[in-house]
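# An overview of the molecular structure
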Amino acid sequence: MSALKGTGISPYISSVESARALAPEGNLPNADSLAVLLLGPTGSGKTVLSLVLAERFGGEIVSCDSVAVYRGMDLGTAKPTGDERARVPHHLIDVAEPDQPFTAGEYSRQARAALRQIAGRGRLPIVTGGTGLYLRALTEGLFAGPERQTDLRARLQRSRQRHAEGWLHKLLVHLDPASAKRIHANDTPKLIRAIEVCLAARKPLSEVLGNKMSARDPLTGFRLLRIGLNPPRQALYDRLNRRAAAMFAAGLTEEARGLLARHGPVKALDSLGYRQAMGVLAGGLSEEAAIAAAQQGHRNYAKRQLTWFRREPEVHWIEGFGDEAESLLRATELVQIAFG
């Protein structure tokens, strides 16, 4: 992300240090049982806000991003810079190779351990990121459904390639209409998992999810303060458009080329931004077309994130970017109040 900071695409107030000065001074109570969850769409300024809060309240940051967990996937994930990670401890960044499967369940296990270690040091855990499923796995646990079945998944992928577009969604409509209504027709991973559960459990996924006995244990030992960022939609889209272009200008296609050479066509390279860069490498997209596709993809992703996070309970929404002075003051006030 360091290559992007000089592009003017992220309007940081002069520095994180000056942002800290906006927060009120004073001794802070013990925060052992409090954890802050920063929610919001990609590009909404969560990184700056997390840094300000961490420095003000003695916190450590736990990333909640399904791609930032992978080493070497830097430009397309807008990871915190090396300098930012040096000034505040970060967790769950660069913890796996791109060819290593990293599930929501594994994220939950490692993130919960990180939260307890941070709290055990008398510091404030601050979870920040935009992967809604990972956040839900952390806070609520995942349902104890059937294990992943590699052979079945491979068959479904092959069938998807042989049939017309939308075939997996049509199959899910037949197996589980209720789940098909809430899963987008283009969300292949979720469609495959839903079909996998239906076939393995011999009942619809919606019934499995509806069985409270199948739920895993929720996170305990923490009071959760959820702070959500909801900047003006057009301003967010403008920022995302500039950021996507800057990622390619900074060398996203070359980064993808190196990852492909080291790891092959792994699933991680199908993530947003890298998918379009791979299209350039394959010769199917010009860089101009790839940038436009990535911009559209980021805008669509932001919409989906906001829809997901609207379902989170007890979110204190801030109608602005996280790197704006008013948002920083409001978030600081919320944390101060949560301490009691």
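Because the structure is predicted, anything quoted here is derived from the model rather than measured. (Residues numbered from 1 in each chain as written. Predicted model: local features only at pLDDT ≥ 70, side-chain atom pairs only at ≥ 80, totals over all residues. Heavy atoms only, no water.)

## A look at the side chain of Gln305
Definition in use: A run of H or I in DSSP becomes a helix once it reaches four residues, and a run of E becomes a strand once it reaches two; helices and strands are each numbered from the N terminus. Using a 1.4 Å probe on the protein chains alone, a residue whose accessible area is under 20% of its type maximum counts as buried, one over 50% counts as exposed, and one in between counts as partly exposed. The term polar contact refers here to a pair of N or O atoms within 3.5 Å; inside protein, the definition further demands a hydrogen-donor-capable atom paired with an acceptor-capable atom, and it admits residues adjacent in sequence only when both atoms are side-chain atoms. Contacts are residue-level and defined by heavy atoms, with any inter-residue pair within 4.5 Å sufficient.
Locating Gln305 in the fold gives a position in helix α14 (residues 287-309). Overall, Gln305 belongs to the buried group, its relative accessible area being 4%. Here the side chain of Gln305 touches Thr42 through a polar contact of 2.8 Å, landing on its backbone nitrogen. Filtering out sequence-adjacent residues up to four positions away, Gln305 remains in contact with Gly40, Pro41, Thr42 and Gly130.

## Overview of the sheet that holds strand β6 (residues 315-318)
As a reminder, the rule being used: DSSP-based pairing: two strands are paired if at least 2 bridges between them are found. Working convention: axes come from line fits to C-alpha atoms, limited for helices to the stretch in contact. Angles between N-to-C directions cover 0 to 180 degrees.
Taken in spatial order, the 6 strands of this open sheet run β3-β2-β4-β1-β5-β6, and their pairing is parallel. A strand with exactly one partner marks an edge of an open sheet, and here the two such strands are β3 (90-91) and β6. Where helix α4 (residues 104-120) meets the sheet, its contacts fall on β1 (34-39), β2 (59-63), β3 and β4 (124-128), and the angle it forms with β2 comes to roughly 180°.

## Details of the pairing of β1
Here β1 lies mainly inside the structure; 6 of its 6 residues are buried. Along β1, one buried face is formed by Leu34, Val36 and Leu38 and the opposite face, lined by Ala35, Leu37 and Leu39, is buried too. When β1 meets β4, the two strands line up parallel, connected through 3 bridges. Within β4, the position partnered with Leu37 by the bridge is Val127.

## Let's talk about the pattern of salt bridges
Selection criterion: Here a salt bridge means any side-chain nitrogen of Lys or Arg lying within 4 Å of a carboxyl oxygen belonging to Asp or Glu.
Across all of its chains, the model carries 16 salt bridges by this definition. For Asp94, the salt bridge is made with Arg85, and the minimal N-O distance between the two is 3.1 Å. Glu333 is the salt-bridge partner of Arg330, the closest N and O atoms lying 2.6 Å from each other. With Arg330 and Glu333 both in helix α15 (residues 325-339) and 3 residues apart, this pair spans about one turn of that helix. Owing to a relative accessible area of 36%, Arg330 belongs among the partly exposed residues under this scheme. Taking relative accessible area as the criterion, Glu333 reaches 41% and is therefore assigned partly exposed. Taken together, the salt bridges that share partners define one network made up of Asp74, Lys79, Arg85 and Asp94.

## Focus on the nonpolar core
For clarity, the threshold we go by: Among the buried residues, those of types Ala, Val, Leu, Ile, Met, Phe, Trp, Tyr and Cys that are joined through side-chain atoms within 4.5 Å form a nonpolar core.
Among the nonpolar cores identified, the biggest contains 46 residues, and Val62, Met73, Phe102, Tyr107, Leu115 and Val127 are the most heavily contacted of them. Contributions of two or more residues to this core are made by β1, α4, α5 (132-140), α11 (233-249), α12 (252-263), α13 (274-282) and α14. Per element, the largest residue contribution to this core is 7 residues, and it comes from α4. The contacts of Met73, once residues within four sequence positions are left out, are Val67, Lys79, Pro98, Glu255, Leu259, Ala268, Leu269, Ser271 and Tyr274. Among the nonpolar cores identified, the runner-up in size contains 24 residues, and Phe57, Ile126, Ile227 and Leu229 belong to it.

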